[in-house]
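As a plain string of letters, each chain reads:
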Protein chains: 2
Amino acid sequence: MRTNEHIVKRYDEELAELKKEILAMGGIVEKMIADAMRALIDGNGDLARSVIQYDREVNRKELSVDSMAVNILAKRQPVARDLRLLTMAMKVNTDLERIGDTAVNISERSLELLEEPPLKPYVDLPRMSALTQTMVKQALDSFVEGNVKLAQTVIASDDEIDALYQQIFRELLTHMMGDAKTITRAIRLLFIAKYLERIADHATNIAEMVTYLIEGEDVRHLDSR
Amino acid sequence: MRTNEHIVKRYDEELAELKKEILAMGGIVEKMIADAMRALIDGNGDLARSVIQYDREVNRKELSVDSMAVNILAKRQPVARDLRLLTMAMKVNTDLERIGDTAVNISERSLELLEEPPLKPYVDLPRMSALTQTMVKQALDSFVEGNVKLAQTVIASDDEIDALYQQIFRELLTHMMGDAKTITRAIRLLFIAKYLERIADHATNIAEMVTYLIEGEDVRHLDSR
């Protein structure tokens, strides 16, 4: 009995450790998004380059989280919901690593943009970025806490992201139409908006997995509607 | 002894079945990419809409592949390389589903483009699309066969994709600069090039996972360079 308790306790500790690592990785990629956008707005090339450097750390963390999950699977051989939780942890891990990649893309475009005078005061992009970061944070919290309601909030935010993206698209189009000299810069900004949209998609994917994990078959059915 | 053999045989059959399902899903998303590009080039709206319809089928397959993998994990409780193979199968599965999503995005842009006169004869986009489809196919084959050399071919193709993308980018930029009326169409085409690049990224991700799966720690170290 005491041995069983001990095993369960160790297992819980391992899961807690895994979740902690995923949250730590989430913290890094959230900072990468924030720094990449800050670099763009402040015209800070060093900050943009630091985001690109962070990518290594995220890659290392991805491997370490995968490795932890695989070790727990191998040692504990969990079934049912714990098994799904662990396989999902690995998928969340992949989403986080790709969010990091996308923050690197934002920094690359920002560095290109720094070589030319700024196109316009950035208003909607920071708003889109702030919402995107919130979605990533909420998606991870919903995973760690098993909080379906929070996951639903993330999924609902995706419409707002679409609206912001459309608004940015229209504004940039107006610039390009009005002055051909702005085209290259406007396209880079448009790509940054697309990257933010993609990050929001990753957060939405995580939130959908959380909903599926918690609610099981019913949502799964809806998902393949 | 006979029982063990029976169990091993059943397990091998289950793995083979899982790989078959992943290849089938791969076949669908390859067709989706091909059809989405054909729809663009031929101006075939019905074909574009059929790609969007296929998304359901891919979503269903994703759930079914995940479910198969989780069932094998639960029943067989594999360790070491088999465990990594199964966890990787689930990641490949996610990449395939997102390739399907991206083919849908191509179709959406194609439908928008059909509402206006074609911008230019499409030469580089079909080349980029053909290479992308080859990469997806090779990446899946490398996974199913455990073929590292083929995986390396996929990874090497990514440079060619980048070069094609840059060429398309420059050409479209020239169009936009020369005639502001082409801007909206050129941007949609640019997005299609970006989508193809993203699909190639997914194929590269799969190929990198295959390399890691087969070669283990060494590649993992390189990966976090």
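Worth saying up front: this structure is predicted, and the values here are computed from it rather than measured. (Residues numbered from 1 in each chain as written. Chains lettered and ligands numbered in written order. Predicted model: local features only at pLDDT ≥ 70, side-chain atom pairs only at ≥ 80, totals over all residues. Heavy atoms only, no water.)

Q: Can you lay out the environment of B:Leu196 for me, pointing to particular residues and giving the numbers?
A: All names here are of chain B. Relative to the assigned elements, Leu 196 resides in helix H6 (residues 183-215). Placed 60 residues apart in sequence, Leu 196 and Val 136 show a C-alpha to C-alpha distance of 11 Å. Aside from chain neighbours lying at most four places away, what touches Leu 196 is Ile 33, Met 37, Ile 106, Leu 125, Met 128, Ser 129 and Thr 132. (Helix = DSSP H or I, 4+ residues; strand = E, 2+ residues; numbered from the N terminus. Contact = heavy atoms within 4.5 Å.)

Q: I'd like a description of the relation of the copies chain A and chain B, backed by residues and values.
A: Between chain A and chain B, which share one sequence, the superposing operator has a rotation angle of 180 degrees and an axial displacement of 0.0 Å; the RMSD is 0.0 Å. Taken together, the turn and the small shift mark the pair as related by a two-fold rotation axis. Comparing contact sets, 100% of the residues at the interface of chain A also lie at the interface in chain B, consistent with an isologous, same-surface contact. (Least-squares fit on C-alpha atoms with pLDDT ≥ 70 in both.)

Q: So, the nonpolar core: which residues are in play, and what are the values?
A: What tends to happen in soluble globular proteins is that the nonpolar side chains get buried as a cluster. Core analysis: the biggest nonpolar cluster contains 140 residues, and A:Leu125 and B:Leu125 have the highest contact counts within it. When neighbours within four sequence positions are excluded, B:Leu125 is seen to be in contact with B:Met37, B:Leu40, B:Ile168, B:Leu189, B:Ile192, B:Ala193 and B:Leu196. (Core = buried A, V, L, I, M, F, W, Y, C linked by side-chain atoms within 4.5 Å. Buried < 20%, exposed > 50% of the residue type's maximum accessible area, 1.4 Å probe, protein only.)

Q: Quick one: what's the story with the interface of chain A and chain B, residue by residue and with numbers?
A: Taken together, the contact pairs 43 residues of chain A with 45 residues of chain B. Where chain A abuts chain B, roughly 3,800 Å² becomes buried across the two surfaces, and 63% of that area is made up of carbon and sulfur atoms. Where chain A touches chain B, the interface holds four salt bridges. Notably, a salt bridge pairs A:Asp66 with B:Lys91, separated by 2.9 Å at the nearest N-O pair. (Buried area = accessible area lost by both parts, 1.4 Å probe. Salt bridge = Lys/Arg side-chain N within 4 Å of Asp/Glu carboxyl O.)

Q: Lay out a negative patch on the surface in plain terms, naming residues and giving numbers.
A: All names here are of chain A. A cluster of like negative charges, contributed by Asp 159, Glu 160, Asp 162 and Asp 201, occupies part of the molecular surface. Looking at the negative patch, the element that brings in the most residues is helix H5 (residues 148-178), giving three residues. One can find Asp 159 in helix H5. (Patch = residues over 30% accessible without salt bridge, like charges linked within 9 Å, V, L, I, M, F, W, Y side chains within 5 Å. Areas by Shrake-Rupley, 256 points an atom, 1.4 Å probe, with all protein chains shown as cover. Lys, Arg positive; Asp, Glu negative; His and termini not counted. Charge placed at Lys NZ, Arg CZ, Asp CG, Glu CD.)

Q: Give me the lowdown on the packing of aromatic side chains, citing residues and values where you can.
A: Given two aromatic rings, one states the distance between the centres and the angle between the planes to describe the pair. All names here are of chain A. By the definition in use, this model includes three aromatic pairs over all chains. Taken together, a centroid distance of 6.2 Å and an interplanar angle of 40 degrees make the contact between Tyr 165 and Phe 169 tilted. In this pair, Tyr 165 and Phe 169 are both assigned in helix H5, four residues apart and thus about one turn of the helix distant. The pair formed by Tyr 165 and Phe 169 is uniform in burial state, with each residue classed as buried. One Lys or Arg, Arg 84, reaches over the ring of Tyr 212 and ends 5.7 Å from the middle of that ring. (Phe/Tyr/Trp six-rings, centres within 6.5 Å; stacked < 30°, edge-to-face > 60°. Lys NZ or Arg CZ within 6 Å of the ring centre and 35° of its normal.)

Q: Please provide a residue-by-residue account of the pattern of salt bridges, values included.
A: Residue and element names in this part refer to chain A. Summed over the entire model, instances satisfying the criterion amount to 34 salt bridges over all chains. For the salt bridge of Arg 76 with Glu 14, the shortest nitrogen-to-oxygen distance reads 2.8 Å. Here the residue Arg 76 occupies a position in helix H2 (residues 45-76), and Glu 14 occupies one in helix H1 (residues 2-42), the gap between them amounting to 62 residues. For Asp 42, the salt bridge identified is with Arg 38, shortest N-O distance 3.0 Å. With Asp 42 and Arg 38 both in helix H1 and four residues apart, this pair spans about one turn of that helix.

Don't take any of this as a statement about function, it's just geometry.
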